[in-house]
Amino acid sequence: MKKKNTLNFLLRGWILCCIAVLSQSVSSQVCPDINQRVYATNQDWSTTLLGSVSNAGGAIDGDPTTKSTINTGIVLAGLGTTYQDLSWGGAVVAAGTPVTVKLGSIPDLLSVGSMVTVQARRNGNNIGSAQIVTGNLLSLISGDSVYDVTFTPQSGGVPQEYDEVRITATAGIGLGFSVSVYEAYYHTTTTVANCSLG
């Protein structure tokens, strides 16, 4: 009887030991990486004529539901251009990293022939070609919908580092329109230390 109790005790101990080892193995497993958005944190804007940017800080507050609004104003001569630059506080984003700018529109103020461009920049200089978003495309956006402009900045087919993006709204003579800028961001990879927390 004593021998049987000893065997039961040893068997229970062995089972508990196995459970502890398996639990440790599961909890220390490598978790999959996750993507984290890095939002632009600084902004500046300028206009050639009567344009403006209202609620400029709404495009850099890290909240994708708030926005700035670029207004071209009524253009009396030539082209009316207003732009807003969004940057990451001097940080340089690695070459090959896609950037996304979320845009929306105010349909009542959108004019035929209007155009919005998104341009990657580094040290105040343009990188490669601008991404063109036409007024016709923006007019398809309704309600709270937004349009994501995502691209990888490059020059001559070679990915480039960048430190800001410029969103430019341009209108023809006598026309004016507005475009909303919700945020600009890129993704960085983050490793989760504990899978149960991710």
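Keep in mind that what you see is a predicted model, and the values were worked out from it rather than measured.

Draft legend 1. Broad picture of the overall build of the protein chain. Broken down by element type, the protein chain carries two helices and 14 strands. Put simply, the protein chain has 198 residues, and 36% of those count as buried. Sequence separation of at least 24 residues holds for 79% of the intrachain contacts in the protein chain that already meet a minimum separation of 6. A total of about 11,200 Å² of accessible surface is found on the protein chain, and carbon and sulfur atoms cover 57% of it.

Draft legend 2. Geometry of the environment of Tyr39. Relative to the assigned elements, Tyr39 resides in strand E1 (residues 33-39). Among all residues touching Tyr39, those that are not within four sequence positions of it are Gly62, Pro64, Trp88, Glu183, Ala184 and Tyr185. A polar contact is formed between the side chain of Tyr39 and the side chain of Arg37, at a distance of 3.1 Å.

Draft legend 3. Region of interest: the nonpolar core. Judged by nonpolar contacts, the single largest core of 29 residues is most densely connected at Leu86, Trp88, Val101, Leu103, Tyr162, Ile167 and Val181. When contributions to this core are tallied by element, the ones reaching two or more residues are strand E6 (99-105), strand E7 (115-122), strand E10 (147-151), strand E13 (164-171) and strand E14 (178-191).

What counts and how
- Residues numbered from 1 in each chain as written.
- Predicted model: local features only at pLDDT ≥ 70, side-chain atom pairs only at ≥ 80, totals over all residues.
- Heavy atoms only, no water.
- Helix = DSSP H or I, 4+ residues; strand = E, 2+ residues; numbered from the N terminus.
- Buried < 20%, exposed > 50% of the residue type's maximum accessible area, 1.4 Å probe, protein only.
- Contact = heavy atoms within 4.5 Å.
- Areas by Shrake-Rupley, 256 points an atom, 1.4 Å probe, with all protein chains shown as cover.
- Polar contact = N/O pair within 3.5 Å; in protein donor to acceptor, adjacent residues only side chain to side chain.
- Core = buried A, V, L, I, M, F, W, Y, C linked by side-chain atoms within 4.5 Å.

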